[in-house]
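Each chain is listed here by its residues.
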Amino acid sequence: MRRLSALPAGRKLALWSRIGWTSVALALALPVLATTHHAHAVTAELRDDLLVAYGARIAGDEARTRIVLDFDRAPTIETRYIANPDRIVVDLPATAFAFAEADLQATGLFKDIRYGSMDATSARLVLTAARPARLAKAEVMPNEGGSGYRLVLDAELVPEQDFAALVSGQAWARSATDAATTATVPVAVPAADEFVIAIDAGHGGIDAGATGASTKTPEKDITLAFAKILHDKLKDLPGIRPVMTRDTDKFLSLSERVLISRQKGADLLISLHADTLRQADIRGATVYTISDKASDHMAAQLAERENFSDTIGGVELPTETEPEVGDILLDLTRRETQAFSISMAQAVVGSFEGQISLINNPHRHAGFRVLQAPDVPSILLELGFLSNKDDEKLLLDPVWREKVADLLVEAIKRYRQPELANGG
């Protein structure tokens, strides 16, 4: 019997319309036995407490879509709905996703599907709907023959008002870190002679970031590896205490990254990235600071992609509730912070010039949410572009990483010179 997911898209829809929901559901519900042996092999290499999702199928049209995931053991699940964009989020225990990416490509009701780890104990499936949808069924059942379990998700189209009611009526509240605004979070007070630097390794967990053009290395691995090198170089410097927003492969929302930095009393935030561009010939490092208006089209596009991390991770996006304009103290704080951020960006460019490749106009600005702390000078450093084969090679080169980390340390020292001269 041929798997429905192997049929051309046009035939899937034609078959769906001819034989109806029940027959297609039956076809999709059958376990993929050919992958079972692979699942056992994968399991042997993983932690004993990890679930293994070893198979996936999806089929449907713009009215109904079914997703089936095969597991080696029965998973526990929690589902919820998030608006703007409309998403269905399925939370799972720690899971290794061992099926081929092509087996769960978005179709039918869904325009984007993401899955991956959140942290060491949890994983997540995020279904972004093309139109409002709800789960008519979310059920875990044993496979025939007693080999493993399957999660069956039946989604159906619903009116916008029904989806809004699902969002507002569910018994789920955002975590304290997601709900907290950056303007009201208590800030730690470091020692008087201590300069705290928050090193933010971009992406993580379900949000892999960009992918290397040649090696397919995920951005999240590159940023974490570089963050650890930079941390080790800074920790031995007198008067400096580096902290990391993440030191493992875990997902953090953008607001959590800001929150962690402020809670640890950061005097400076450096967010590390290695993005991709459509123009594969563009290469070199770039330093970004925050601004309501982007410096150029490329900066605007990059900020949009980086800010999309929360959507990928199934995070409820914050409502834009800016403090009153009359808050003069906060406004002055932001202006001073912005000036320091620009100073740090200039120090990085000055340290990198003539040493490593920089793009044209290497200091740019845009509306990056990870740089939004009103009282922490912050920069976003694009180490290079994974879409460029030369940059990709360097980003994976331990010697190059060490060199760039040394140059970044020199930039930090240069940034601190005026402060130290004033006794800070």
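About the criteria used
- Residues numbered from 1 in each chain as written.
- Predicted model: local features only at pLDDT ≥ 70, side-chain atom pairs only at ≥ 80, totals over all residues.
- Heavy atoms only, no water.
- Helix = DSSP H or I, 4+ residues; strand = E, 2+ residues; numbered from the N terminus.
- Buried < 20%, exposed > 50% of the residue type's maximum accessible area, 1.4 Å probe, protein only.
- Contact = heavy atoms within 4.5 Å.
- Areas by Shrake-Rupley, 256 points an atom, 1.4 Å probe, with all protein chains shown as cover.
- Salt bridge = Lys/Arg side-chain N within 4 Å of Asp/Glu carboxyl O.
- Pairing = 2+ DSSP bridges.
- Axes fitted to C-alpha atoms, helices over the stretch in contact; angles between N-to-C directions.
- 1 Å grid on protein atoms, 1.4 Å probe; cavity = no way out; pocket = protein on both sides within 12 Å on 5 of 7 lines; lining within 4 Å.
- Points joined across faces, edges and corners; volume = space filled by probe spheres on them.
- pLDDT = per-residue confidence, 0-100.
- Arc of directions from axis to C-beta.
- Polar contact = N/O pair within 3.5 Å; in protein donor to acceptor, adjacent residues only side chain to side chain.
- Nonpolar A, V, L, I, M, F, W, Y, C, P; charged D, E, K, R; others polar.
- Core = buried A, V, L, I, M, F, W, Y, C linked by side-chain atoms within 4.5 Å.

J.: Please clarify how the overall build of the protein chain should be interpreted in this entry.
T.: When its secondary structure is counted, the protein chain shows 11 helices and 15 strands. When burial is assessed residue by residue, the protein chain has 48% of its 424 residues classed as buried. Restricting to contacts in the protein chain with at least 6 residues of sequence separation, those with at least 24 account for 75%. Surface accessibility of the protein chain: about 19800 Å² in total, with carbon and sulfur atoms responsible for 52%.

J.: Quick question: what am I supposed to make of the pattern of salt bridges here?
T.: Taken as a whole, this structure holds 21 salt bridges when the rule is applied. Between K233 and E402 there is a salt bridge; the shortest N-O distance is 2.7 Å. Of this pair, K233 sits in helix α5 (residues 219-234) while E402 sits in helix α11 (residues 398-421), and the two are 169 residues apart along the sequence. Judged by relative accessible area, K233 falls into the partly exposed class, the value being 22%. According to the relative accessible area criterion, E402 is partly exposed, its value standing at 34%. Among the ionic contacts, a cluster of salt bridges with common partners joins R80, D91 and R124.

J.: What should I look at first to understand the sheet that holds strand β1 (residues 51-60) in this one?
T.: The strands making up a sheet associate through backbone hydrogen bonding, with each pair oriented either parallel or antiparallel. Across the sheet, 5 strands lie side by side as β5-β1-β2-β9-β8; this open sheet has mixed pairing. Whereas interior strands pair on both sides, the edge strands pair on one side only; in this sheet they are β5 (95-97) and β8 (133-142). On average, adjacent strands in this sheet sit at an angle of 25° to one another, irrespective of strand direction. The pairing of strand β2 (residues 64-71) with strand β9 (residues 149-157) spans 8 bridges and is classified as antiparallel. Note that in β9 the partner of L69 across the bridge is L151.

J.: In this structure, what is going on with the pairing of strand β12 (residues 268-273)? I would like to understand it.
T.: Regular strands place their side chains on alternate faces of the sheet. The buried fraction of β12 amounts to 6 of the 6 residues, a majority that puts the element mostly inside the structure. Burial of β12 is two-sided: the residues L268, I270 and L272 facing one way and the residues L269, S271 and H273 facing the other way are all buried. By the bridge criterion, 5 bridges tie strand β10 (residues 195-201) to β12 in an arrangement that is parallel. Considered in β12, the bridge of A198 is made with L269.

J.: Please clarify how empty space enclosed by the protein should be interpreted in this entry.
T.: The rolling of a water-molecule-sized probe over the atoms marks out the regions of remaining empty space. What the rule picks out here adds up to 1 cavity of 30 Å³ or more. Here the largest cavity defines a volume of roughly 80 Å³. Forming the walls of the largest cavity are 16 residues, and the residues nearest its centre are L254, H273, E306, S309 and V370. Among the elements of the structure, α6 (254-263), β12 and α7 (297-307) are those that each provide at least two residues to the lining of the largest cavity.

J.: Any chance you could explain the confidence of the model for the protein chain here in plain terms?
T.: Mean pLDDT for the protein chain: 84, with 79% of residues reaching 70 or above. Counted against residues more than four places away or in other chains, residues 1-44, with its pLDDT under 50, gives 62 contacts. Confidence over residues 173-184 falls short of pLDDT 50; this stretch has 15 contacts with residues more than four positions distant or in other chains.

J.: Is there a simple way to explain the sheet that holds strand β14 (residues 358-366) in this structure?
T.: With mixed pairing, the 6 strands of this open sheet are ordered in space as β11-β10-β12-β15-β13-β14. If you trace the sheet from one side to the other, it starts and ends with β11 (240-244) and β14, each paired once. Across the sheet, the mean angle separating the axes of adjacent strands is 20° when strand polarity is ignored.

J.: Mind showing me how you'd approach α7 here?
T.: The α-helix advances 3.6 residues per turn, and as a result positions three or four apart in sequence lie on the same side. Along α7, the residues that are buried comprise M298, A299, L302, A303, E306 and N307. The arc that holds every buried residue of α7, seen down its axis, measures 160°, which confines them to one face. Set apart from the buried face of α7 by more than 90 degrees, the exposed residues are H297 and E304. Taking the backbone nitrogen of M298 as reference, a side-chain oxygen 3.1 Å away marks D296 as the first, capping residue of α7.

J.: What's the story with the layout of surface pockets in this structure? I'm lost.
T.: Taken as a whole, the largest pocket holds about 1100 Å³ of empty space. In this structure, the largest pocket is lined by 40 residues; those nearest its centre are R114, Y115, I206, D207 and A208. Top contributing element to the lining of the largest pocket by residue count: strand β6 (residues 110-119), with 8 residues. Of the residues assigned to the lining of the largest pocket, the class counts are 16 nonpolar, 10 polar and 14 charged.

J.: Which parts of the structure should I look at to understand the nonpolar core?
T.: Generally speaking, soluble globular proteins have nonpolar side chains that are buried together. Membership of the largest hydrophobic core comes to 41 residues, with the highest contact counts inside it found for I197, I270, M344, V348 and F352. For this core, the secondary structure elements donating two or more residues are β10, α5, β11, β12, β13 (285-290), α9 (328-352), β15 (378-382) and α11. Per-element accounting of this core gives the leading share, 9 residues, to α11. Setting aside residues no more than four positions away along its own chain, M344 makes contact with L268, I270, I379, A411, I412 and Y415. The next biggest cluster of nonpolar side chains, apart from the first, holds 28 residues, and it includes L51, I67, L69 and V158.

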